[in-house]
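Letter by letter, the chains look like this.
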Amino acid sequence: MQGKIAIEEHFAYERPDREAAERLRRAEAWVETARRLVDIHELRLRDMDELGIEYAILSLTAPAVQSILDVKEAIAAARKYNDFLAGEVAKRPDRFGGFAALPMQDPDAAAEELSRCVKELGFPGALVNGFTQREVPDSTIYYDIPEYRPFWACVEELGVPFYLHPRTAVRERAQAYEGHPWLYSSAWGFAVETSIHVLRLIGSCLFDEYPKLQLVIGHLGERIPYDMWRLDHRIETIPTDYPAKKPISAYMRSNVHITTSGNFSDSALQCAIAEMGVDRIMFAVDYPMEVMAGGTSWFDQTELLSDQDRIKVGRNNAIELFKLGDIF
Ligand code: ZN
């Protein structure tokens, strides 16, 4: 399919650090990935041209700002990264958009930076890499706590989606993975981290308070669609303290969108379509963590999508959600 829009596509401001290198344990693969992370206008654009991706919304690779312990430093870094990204987007506004990186260490500063990015830099939303650390290395702050309510009010008021992207669990807090380093990151831990975060947001009544908020999550829903019936069923069956007004599935179908990033599986897509519907699924690759052609060849050929639905998922859903009508 020509004219695809891809929305979980990463870049790095500078060559990525050791933490990121450790995540990708195979050295040769890492060298190539690192090269492609710092490239925007050459290798990336060439692949996009070849593979029918017309437009990509770029975001900083994880964990980025979320792992900066010093609050002031995090605020300054987010501003610097966002200004850099705006400069790169301005070189090819017909091919690239940008997601704001946010200093979630300080919810007021995060709201202020998001407003600046939307109103002054023209960004169509934010992408945040999971929980935030603050001041101490083993801190893990999730955004369901009351401190973040004014931030969410601001996101709703701005009317832009918030992409919650995974990050690797903090080792001191991930004892279940001990002795199995391969479990920490993208093979398993990413989905665990992100799905729990989404469920925490739902369970904190966030969407009852801010019903217009729209979240985006990747990897065909970080396994939530597969378990949606069971979540609803068990919450209804056993006495729990689940305080939100509606079942989990209701919020997933009114406040959450999912993307195909890094999960090029017909079985997973079939489940996602059945549980979420094609209106809430968007195309993404997760480049350069994934080879771009891997995502596009699967998406272009999967028989689960009619021609009409392929255009919806591959392009039109993103145009609508991110209000890209001025570009296309
Ligand atoms: Zn990603």
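In case you missed it, the structure is sitting above this.
Residues numbered from 1 in each chain as written. Predicted model: local features only at pLDDT ≥ 70, side-chain atom pairs only at ≥ 80, totals over all residues. Heavy atoms only, no water.

## Side note on the pairing of strand β2 (residues 53-60)
- Across the eight residues of β2, seven count as buried, placing the element largely inside the fold.
- Pairing of strand β1 (residues 4-11) with β2, which is carried by six bridges, proceeds in the parallel orientation. The partner of K4 across the bridge, within β2, is I53.
- Direction of pairing for β2 relative to strand β3 (residues 96-98): parallel, over a ladder of three bridges. Bridge pairing in β3 places L58 opposite G98. (Buried < 20%, exposed > 50% of the residue type's maximum accessible area, 1.4 Å probe, protein only. Helix = DSSP H or I, 4+ residues; strand = E, 2+ residues; numbered from the N terminus. Pairing = 2+ DSSP bridges.)

## Regarding helix α7 (residues 189-203)
- Across its 15 residues, α7 extends 21 Å between first and last C-alpha, which sits within 8% of the 21 Å expected from 1.5 Å per residue.
- Summarising burial for α7: 11 of the 15 residues are buried, a large majority.
- At the exit of α7 stands C205, carrying a positive phi of roughly 70°. (Expected span 1.5 Å × (residues − 1).)

## Remarks on the coordination of the zinc ion
- Taken together, E8 (OE), H10 (NE2), H165 (NE2) and D286 (OD) make up the protein donors of the zinc ion, found 2.0 to 2.2 Å from the metal.
- Classification of the site at the zinc ion as irregular follows from its four donor atoms and the range of 87 to 172° in their angles at the metal.
- Classification of E8 as buried rests on a relative accessible area of 0%. (Donors = N, O, S within 2.8 Å, 3.2 Å for Na, K, Ca; no water. Tetrahedral: all angles 85-135°; square planar, octahedral: opposite > 155°, others 65-115°.)

## What about the side chain of D208?
- Considering the arrangement of structural elements, one finds D208 in helix α8 (residues 206-209).
- Here D208 is buried and forms no salt bridge, its nearest opposite-charge partner K245 lying at an N-O distance of 5.1 Å.
- At 2.5 Å, the side chain of D208 forms a polar contact with the side chain of Y251.
- Apart from residues lying up to four places away in sequence, D208 is in contact with A244, K245 and Y251. (Lys, Arg positive; Asp, Glu negative; His and termini not counted. Salt bridge = Lys/Arg side-chain N within 4 Å of Asp/Glu carboxyl O. Polar contact = N/O pair within 3.5 Å; in protein donor to acceptor, adjacent residues only side chain to side chain. Contact = heavy atoms within 4.5 Å.)

Take it as geometry only, folks, not as evidence of what the structure does.
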